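Chain residues, written in single-letter form:
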Amino acid sequence: MSDLLTYAKQTARLIVESRYPDCDAALLAGSFVRGQATATSDLDLIIFRESVPASYWESFTFDEYPVEAFIHSSTTIRDFFRQDRERGRPSMQRMVAEGFVLLDHDLLRPLKAQAESELLAGPPCCRLSKRTVRVTF
């Protein structure tokens, strides 16, 4: 494991402990986890709080790292999975599937399994009807 990733994980844990002490689970995702981080990369966090009625996003700096935090419940993240699947860009599925567990909870296992399954399935097939297809010769 690179020193950069080790430091990113330590910093991400400190963020979770200090800024989200009541969260149920947390993941570190993005370029650090994929091994593609640069000097200007941000820390991408997915924070799970079952008590949140709606998802939200926060952007801030912590220990000189830019941070993007996506706060979800297990219900709101599934809504994002659906939306990402429908638009053919499974960003949240990739973040959850590849995410490094900072704080574990029973809700993560089925969410990670769903994300991995949807990534393996690929984009939904186009459903064409006679109304949407016009063939001319």
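Residues numbered from 1 in each chain as written. Predicted model: local features only at pLDDT ≥ 70, side-chain atom pairs only at ≥ 80, totals over all residues. Heavy atoms only, no water.

Engineer: Mind laying out the overall build of the protein, listing which residues take part and the relevant values?
Structural biologist: Summing up its helical and strand segments, the protein has five helices and five strands in all. When each of the 137 residues of the protein is scored for burial, the buried share is 38%. Counted over contacts in the protein with a minimum sequence separation of 6, partners at least 24 positions apart contribute 60%. Summed over its atoms, the accessible surface of the protein is roughly 8600 Å², and 53% of this surface lies on carbon and sulfur atoms. (Helix = DSSP H or I, 4+ residues; strand = E, 2+ residues; numbered from the N terminus. Buried < 20%, exposed > 50% of the residue type's maximum accessible area, 1.4 Å probe, protein only. Contact = heavy atoms within 4.5 Å. Areas by Shrake-Rupley, 256 points an atom, 1.4 Å probe, with all protein chains shown as cover.)

Engineer: Lay out the sheet that holds strand β2 (residues 43-48) with the relevant residues and their values.
Structural biologist: Hydrogen bonding along the main chain pairs the strands of a sheet, whether they run parallel or antiparallel. Reading across from one edge, β3-β4-β2-β1-β5 is the order of the five strands in this open sheet, with mixed pairing throughout. Only two strands of the sheet have a single partner each, and these edge strands are β3 (56-62) and β5 (100-103). On average, adjacent strands in this sheet sit at an angle of 25° to one another, irrespective of strand direction. (Pairing = 2+ DSSP bridges. Axes fitted to C-alpha atoms, helices over the stretch in contact; angles between N-to-C directions.)

Engineer: Now, about the nonpolar core: what can you tell me, with residues and values included?
Structural biologist: Of all hydrophobic cores here, the largest spans 20 residues; its most connected members are Ile15, Tyr20, Leu28, Leu43, Leu45, Ile47 and Leu102. Residue assignment for this core shows that the elements contributing at least two residues are α1 (3-19), β1 (25-29), β2 and β4 (65-72). It is α1 that provides the largest number of residues to this core, a total of five residues. Residues Phe48, Met95, Ala97 and Leu111 belong to the second largest nonpolar core, which totals 15 residues. (Core = buried A, V, L, I, M, F, W, Y, C linked by side-chain atoms within 4.5 Å.)

Engineer: How would you sum up unusual backbone geometry? Please name residues and give values.
Structural biologist: Positive phi is not limited to glycine here, since aspartate 63 has a value of about 50°. Mapped onto the elements, aspartate 63 comes out in the loop between β3 and β4. The phi angle at glutamate 64 is positive, at roughly 70°, despite the residue not being glycine. Following the sequence through the fold, glutamate 64 ends up in the loop between β3 and β4.

Engineer: Could you give an account of the packing of aromatic side chains, with specific residues and numbers?
Structural biologist: With the rule as written, the count across this model stands at two aromatic pairs. Taking 5.9 Å as the distance between ring centres and 35° as the angle between the ring planes, the aromatic pair formed by tyrosine 7 and tyrosine 65 counts as tilted. With tyrosine 7 in helix α1 and tyrosine 65 in strand β4, the pair connects residues that are 58 residues apart, well separated along the chain. The partly exposed category is assigned to tyrosine 7, whose relative accessible area is 38%. (Phe/Tyr/Trp six-rings, centres within 6.5 Å; stacked < 30°, edge-to-face > 60°.)

Engineer: For helix α5 (residues 108-121), give the residues involved together with the corresponding values.
Structural biologist: The end-to-end C-alpha distance of α5, which contains 14 residues, comes to 20 Å, matching closely the 20 Å that a straight helix rising 1.5 Å per residue would cover. Among all positions of α5, only Leu108, Leu111, Lys112, Ala115 and Glu118 are buried. Buried residues in α5, looked at end-on, bunch into an arc of 130°, giving them a common side. Along α5, exposed side chains directed more than 90 degrees from the buried face belong to Arg109, Leu120 and Ala121. Turning to α5, the residues buried within the fold contact β1, β2, α3 (74-87), α4 (91-98) and β5. (Expected span 1.5 Å × (residues − 1). Arc of directions from axis to C-beta.)

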